[in-house]
Amino acid sequence: DGIGREAQTMKISSRAKYAVRLMMELDRLGAQKRPIQLARISEVTGISKRYLEQLAIALKSHSLIRGVAGRNGGYMLIKPPAQISIGAVLKALNGPINLSLCVFEPSTCMRADLCECRLIWTLLTERVNAVLEEFTIADLSDPSVMSEVRELLMEETKGGVTGQDQSDGPPVLGCGTVVPTGESR
């Protein structure tokens, strides 16, 4: 059909994925108790400090983190990581998750009241949002939760999605964060 596979895929933006990684590292580095500098998160994630600063602005404006000024300043989580859903982070960066405009704005479609497809788009949007609200930043750092998710994924995909083989190089944390050499988790 002339359209590449890339064009046919629904995606979570890189910006949103990086924001989740930023929040995950704030959790791992103890940002509930003390401010964490973005330079440290940049070292761990490989995301530029300048880009992290842009993400921090969006996260601050949605009351997910707060900045602390001064020599030992940085960013802190406003709530415990177990109270911050992945969905809240994605919404802070991209707005509400909506797979089709007609789901939340039926007036954009003349057939919205009769459209069978809209029922499916609405159901799909609700299920995606439910999963994003179910999992929290704390869950991403919890090996037992991630093990359960892997098992569920293996069952639902009949083993088709297994993730990276951890023996093929440096250890990888959630969302592709590589553990720097000489550091363990």
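Provided above is the structure to which this section pertains.
In short, a report on the structure. No experiment lies behind these values; they were computed from the predicted model shown.

1. Side note on a nonpolar patch on the surface
Item 1. A cluster of nonpolar side chains, contributed by Leu 99, Ile 120, Trp 121 and Leu 124, occupies part of the molecular surface with about 330 Å² of accessible area.
Item 2. Tracing the sequence through the fold places Trp 121 in helix 6 (residues 116–134).

2. Quick look at the pattern of salt bridges
Item 1. Considering all chains together, one arrives at four salt bridges under this definition.
Item 2. Put simply, Lys 91 and Glu 133 hold a salt bridge, and the shortest N to O gap is 3.1 Å. With Lys 91 in helix 4 (residues 86–94) and Glu 133 in helix 6, the pair connects residues that are 42 residues apart, well separated along the chain.
Item 3. Relative accessible area serves as the criterion here: at 31%, Lys 91 is assigned to the partly exposed category.
Item 4. Among the residues examined, Glu 133 registers a relative accessible area of 37% and is labelled partly exposed.

3. Regarding a negative patch on the surface
Item 1. A cluster of acidic side chains, namely Glu 148, Glu 151, Glu 155 and Glu 156, defines a negative patch on the protein surface.
Item 2. For Glu 155, the position within the fold is in helix 8 (residues 143–156).
Item 3. On the accessibility criterion, Glu 155 (59% relative accessible area) is exposed.

4. Observations regarding the packing of aromatic side chains
Item 1. Applying the stated criterion to the full structure yields one aromatic pair.
Item 2. Ring geometry for Tyr 18 against Tyr 51: centres 5.7 Å apart, planes inclined by 90 degrees, an arrangement best described as edge-to-face. Residue Tyr 18 is found in helix 1 (residues 14–28), and its partner Tyr 51 is found in helix 3 (residues 49–61); the two are separated by 33 residues along the sequence.
Item 3. Exposure remark for Tyr 18: the relative accessible area of 29% places this residue in the partly exposed category.
Item 4. Looking at Tyr 51, the relative accessible area reads 23%, which means it is partly exposed.

5. A short note on the packing of helix 2 (residues 38–45) against helix 3
Item 1. Packing of helix 2 against helix 3 brings their axes to within 9 Å, and their N-to-C directions diverge by 115 degrees. The hand of the helix 2/helix 3 crossing is right-handed. Mapping the contact onto sequence places Leu 38, Ala 39, Ile 41 and Ser 42 in helix 2 and Lys 49, Leu 52, Glu 53 and Ala 56 in helix 3.
Item 2. When its residues are assigned to classes, the contact of helix 2 with helix 3 shows five nonpolar, one polar and two charged.

6. Section: the pairing of strand 1 (residues 65–68)
Item 1. With four bridges joining them, strand 1 and strand 2 (residues 74–77) adopt antiparallel strand pairing. The residue of strand 2 that forms the bridge with Arg 66 is Met 76.
Item 2. The loop that links strand 1 with its antiparallel partner strand 2 comprises five residues; one of these, Gly 70, has a positive phi angle of about 110 degrees.

7. Brief notes about the state of the cysteines
Item 1. Applying the stated criterion to the full structure yields zero disulfides.
Item 2. Cys 117 carries a free sulfur, and the closest cysteine sulfur to it, the one in Cys 115, is 4.5 Å from it.
Item 3. Judged by relative accessible area, Cys 117 falls into the partly exposed class, the value being 42%.

8. Focus on the nonpolar core
Item 1. Counting residues in hydrophobic clusters, the biggest one holds 35 residues, and the most contacted among them are Met 23, Leu 26, Leu 59 and Val 89.
Item 2. Of all the secondary-structure elements, those providing two or more residues to this core are helix 1, helix 2, helix 3, strand 2, helix 4, helix 7 (137–140) and helix 8.
Item 3. Top element by residues in this core is helix 1. It accounts for seven residues.
Item 4. Aside from chain neighbours lying at most four places away, what touches Val 89 is Ala 19, Val 20, Met 23, Leu 59, Leu 64, Ile 84 and Ile 137.

Calculation criteria
- Residues numbered from 1 in each chain as written.
- Predicted model: local features only at pLDDT ≥ 70, side-chain atom pairs only at ≥ 80, totals over all residues.
- Heavy atoms only, no water.
- Patch = residues over 30% accessible without salt bridge, like charges linked within 9 Å, V, L, I, M, F, W, Y side chains within 5 Å.
- Areas by Shrake-Rupley, 256 points an atom, 1.4 Å probe, with all protein chains shown as cover.
- Salt bridge = Lys/Arg side-chain N within 4 Å of Asp/Glu carboxyl O.
- Helix = DSSP H or I, 4+ residues; strand = E, 2+ residues; numbered from the N terminus.
- Buried < 20%, exposed > 50% of the residue type's maximum accessible area, 1.4 Å probe, protein only.
- Lys, Arg positive; Asp, Glu negative; His and termini not counted.
- Charge placed at Lys NZ, Arg CZ, Asp CG, Glu CD.
- Phe/Tyr/Trp six-rings, centres within 6.5 Å; stacked < 30°, edge-to-face > 60°.
- Axes fitted to C-alpha atoms, helices over the stretch in contact; angles between N-to-C directions.
- Left-handed = near helix turned anticlockwise from the far one by under 90°.
- Contact = heavy atoms within 4.5 Å.
- Nonpolar A, V, L, I, M, F, W, Y, C, P; charged D, E, K, R; others polar.
- Pairing = 2+ DSSP bridges.
- Disulfide = S-S within 2.5 Å.
- Core = buried A, V, L, I, M, F, W, Y, C linked by side-chain atoms within 4.5 Å.

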